[in-house]
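Coordinate analysis (summary)
The primary structure of each chain is shown beneath.
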Amino acid sequence: MSGTREKLEELRDILELAEEPAGETGIAKRKNKGIPSARERVRMLLDQGSFVEMGALVRQPGSTDGMYGDGVVTGRGYIDGRPVVVIAHDQTVHGGSVGEMFGRKVAAAMEFAQENACPVVSVNDSGGARIQEAVTSLAWYALMCRRQEDLSGFVPMVAVMLGKCAAGSVYGPVNMDVLVATEKSYMFVTGPEVIKGVTGEVVSADDLGGAAALQANGTVHHVAADEQAAFDWVRSYLSYLPSSCLEQAPVVNPGLEPETTEHDLELNSIIPDSDRSGYDMHEVLLRIFDDGDFHEISAGTAANLITGFARVDGRSVGVVANQPQVLGGALDGLCSDKAAYFIRLCDAFGLPLIFVVDTPGVLPGLEEERNGVIKRGGRFFRAVIEATVPIVSIVTRKAYGGGYAVMGCKPLGADLALAWPTAQIAVMGAESMVGIIGRRQLEATPPDQRATVRQQMIDFYNATVATPWTAAERGYIDAVVEPSQTRLEIRRALRLLREKGAVRKHNPRKHSLFPV
């Protein structure tokens, strides 16, 4: 009979083997790829020394070559002192593919996150379904997806894409809240080799599912230069969110700069005198939130609209802002998708929404209509309408047509609507107006006088119709404020709205139908 010493030695041997289940072969494989181990990746993400692994000794029962961990590392730890659950694929074990024990470990980790109301971060580097386990692998994909649905909107979920993820392994990440990728990562349902074999089409991995391509089409929310940069972005992202929908996000440095500052005063001259001149909306955002701190999401997708997190009086808010430097700030189908999802993300976790508006409306054109701008814009509208969190909107310059309506206007649901004196609120801009209702008058004007008359019509329209005063007089704007007072006005507004309830009128339906 073996004694305690022998059992301890056996434990140490097993744990040493579990730390590197693929042995020297796995280490060489990683070294060749220049990547860390799954456990090293977890430690790069978490607070130092906080990782507690769960299921390290799990392996496929009855298998002579079953390796510890079964291709995935799961456990819990802390980020900025707050608990999180981590799931990390181990590429050295069966290529990080999903088998039964892999699925059971992930399911257990998700159940732990649900029972303890804490975020989930999944570090993905997987070959997909494990071919050797056939339908068992597919079944566990489905079971893992069911558990994701339970967590969606309850706790924050973040997917980090490293290496290559193909086939079934793409559906887990895409069903998480945000997807972060490194520049050299790939994600596709079927890879280049499969496509070539089935259709004969030749396509590169970068064009098919490289990080840049995925970011451009909106699948990926952030592309980082390397793995550490990706983990740092995740840590920053989670700092703006509560651990679950049951609580509030952390409050960071409230009460800073309670009076107007020099940076505030710079807003009084930030809007160009010419309507045709652009400006960088980021310069406005840096001045109307705490410390100039802004955590942008989907920066590489539809840059005509900016989405991200900031803080007001130390409390997290979500920001949706037009970017005049790209497409003049016009709204298109892709930015509508971006906005609708971000709004629902903020609403799920109780973050107030701040709309900063400067848009000429919806981008016209055949391609946009064919791309479903109507349906995609409808989702944007619905997301704003269904949001129950406090909403504050600020019109800095143009707010025309559907752009005015969907960007958090008061009739759509804003609790407080503000405008700068430079605001232009109307059905359309002066140039478009002249082309429609001034056309006959111009045709009747002598050719040598048309330019003068046209400019007079534009000036009259801008001075009497497209002004914030009309909206303020009718109650569609609560106040016209000096730009330099915006930061403090937002702070006052959110203090008043802090106890806003989320109660809606009774309705027996299960849910509304999104225009999909």
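Quick note: structure is the one above.
First, a word on what this report is: a plain description of the structure on this page. Values in this document were obtained by computation on a predicted structure and should not be read as measured data.

Secondary structure assignment for the protein chain yields 21 helices and 17 strands. Across the 516 residues of the protein chain, 49% fall into the buried class. Within the protein chain, contacts between residues separated by at least 24 positions form 73% of all contacts whose residues are at least 6 apart in sequence. Each charge class in the protein chain was averaged separately, 51 positive and 64 negative side chains, and the resulting centres sit 5 Å apart.

Moving on: the packing of helix H4 (residues 100–116) against helix H5 (residues 134–151). Contact geometry of H4 with H5 gives a least axis separation of 9 Å together with a crossing angle of 10°. Classified by the angle their axes make, H4 and H5 are roughly parallel. Taken together, the residues of H5 that come into contact with H4 (itself represented by Glu100, Phe102, Gly103, Arg104, Val106, Ala107, Met110, Glu111, Ala113 and Gln114) are Thr136, Trp140, Met144, Arg147, Gln148, Asp150 and Leu151. When its residues are assigned to classes, the contact of H4 with H5 shows eight nonpolar, four polar and five charged.

Turning our eyes to something else, we now look at the side chain of aspartate 125. Take aspartate 125: it is sitting in the loop between strand S4 (120–124) and H5. Classification of aspartate 125 by relative accessible area gives buried; the value is 3%. When near neighbours in sequence (up to four residues on either side) are disregarded, aspartate 125 contacts Ile35, Arg41, His89, Gln91, Gly95, Gly96, Leu162, Gly163, Lys164 and Cys165.

With that settled, the discussion passes to the pattern of salt bridges. In this structure the tally under the stated criterion is 22 salt bridges. Arginine 491 is the partner of aspartate 290 in a salt bridge, and the nearest nitrogen-oxygen pair spans 3.8 Å. Residue aspartate 290 is found in the loop between helix H12 (281–288) and strand S10 (295–297), and its partner arginine 491 is found in helix H21 (residues 486–496); the two are separated by 201 residues along the sequence. For the pair formed by aspartate 290 and arginine 491, the shared burial category is buried. Overlapping salt bridges, with partners in common, bring together Asp290, Asp313, Arg491 and Arg495 in one network.

Evaluation of the coordinates by the stated rule reveals four aromatic pairs. Measuring from ring centre to ring centre gives 5.6 Å for tryptophan 233 and tyrosine 237, while their planes differ by 10°; the resulting arrangement is stacked. Of this pair, tryptophan 233 and tyrosine 237 both sit in helix H10 (residues 227–239), four residues apart, which is roughly one turn of the helix. Judged by relative accessible area, tryptophan 233 falls into the buried class, the value being 9%.

This next bit is on helix H13 (residues 333–348). Spanning 16 residues, H13 covers 23 Å between terminal C-alpha atoms, matching the ideal 22 Å at 1.5 Å per step. Turning to H13, its buried residues are Gly333, Cys335, Ser336, Lys338, Ala339, Ala340, Phe342, Ile343, Leu345 and Cys346. Remark: glycine 350 follows H13 within two positions and exhibits a positive phi of approximately 70°.

In contact at an axis separation of 8 Å, H13 and helix H15 (residues 373–386) are set at 20° when each is read in the N-to-C sense. Between H13 and H15, the interaxial angle falls into the category roughly parallel. H13 and H15 meet at a crossing whose hand is left-handed. Facing H13, whose interface residues are Gly333, Leu334, Ser336, Asp337, Ala339, Ala340, Ile343, Arg344 and Asp347, H15 presents Val373, Arg376, Gly377, Arg379, Phe380, Ala383, Val384 and Glu386. Within the contact of H13 with H15, the residues separate by chemical class into eight nonpolar, three polar and six charged.

Let us now look at the sheet that holds strand S5 (residues 157–161). Ordered in space as S1-S2-S3-S4-S5-S7-S9, the seven strands form an open sheet in which the pairing is mixed. With one partner strand each, in any of the chains shown, strand S1 (52–54) and strand S9 (222–224) form the two edges of the open sheet. Each strand axis lies, on average, 25° off the axis of its neighbour in the sheet, ignoring direction. Direction of pairing for S4 relative to S5: parallel, over a ladder of five bridges. Looking at S5, one finds that valine 121 is bridged to valine 158. Of the strands in this sheet, S1, strand S2 (72–79), strand S3 (82–89) and S4 are in contact with H4, which crosses S2 at around 20°.

Thresholds, definitions, all that
Residues numbered from 1 in each chain as written. Predicted model: local features only at pLDDT ≥ 70, side-chain atom pairs only at ≥ 80, totals over all residues. Heavy atoms only, no water. Helix = DSSP H or I, 4+ residues; strand = E, 2+ residues; numbered from the N terminus. Buried < 20%, exposed > 50% of the residue type's maximum accessible area, 1.4 Å probe, protein only. Contact = heavy atoms within 4.5 Å. Lys, Arg positive; Asp, Glu negative; His and termini not counted. Charge placed at Lys NZ, Arg CZ, Asp CG, Glu CD. Axes fitted to C-alpha atoms, helices over the stretch in contact; angles between N-to-C directions. Parallel < 35°, antiparallel > 145°, perpendicular 65-115°, else oblique. Nonpolar A, V, L, I, M, F, W, Y, C, P; charged D, E, K, R; others polar. Salt bridge = Lys/Arg side-chain N within 4 Å of Asp/Glu carboxyl O. Phe/Tyr/Trp six-rings, centres within 6.5 Å; stacked < 30°, edge-to-face > 60°. Expected span 1.5 Å × (residues − 1). Left-handed = near helix turned anticlockwise from the far one by under 90°. Pairing = 2+ DSSP bridges.

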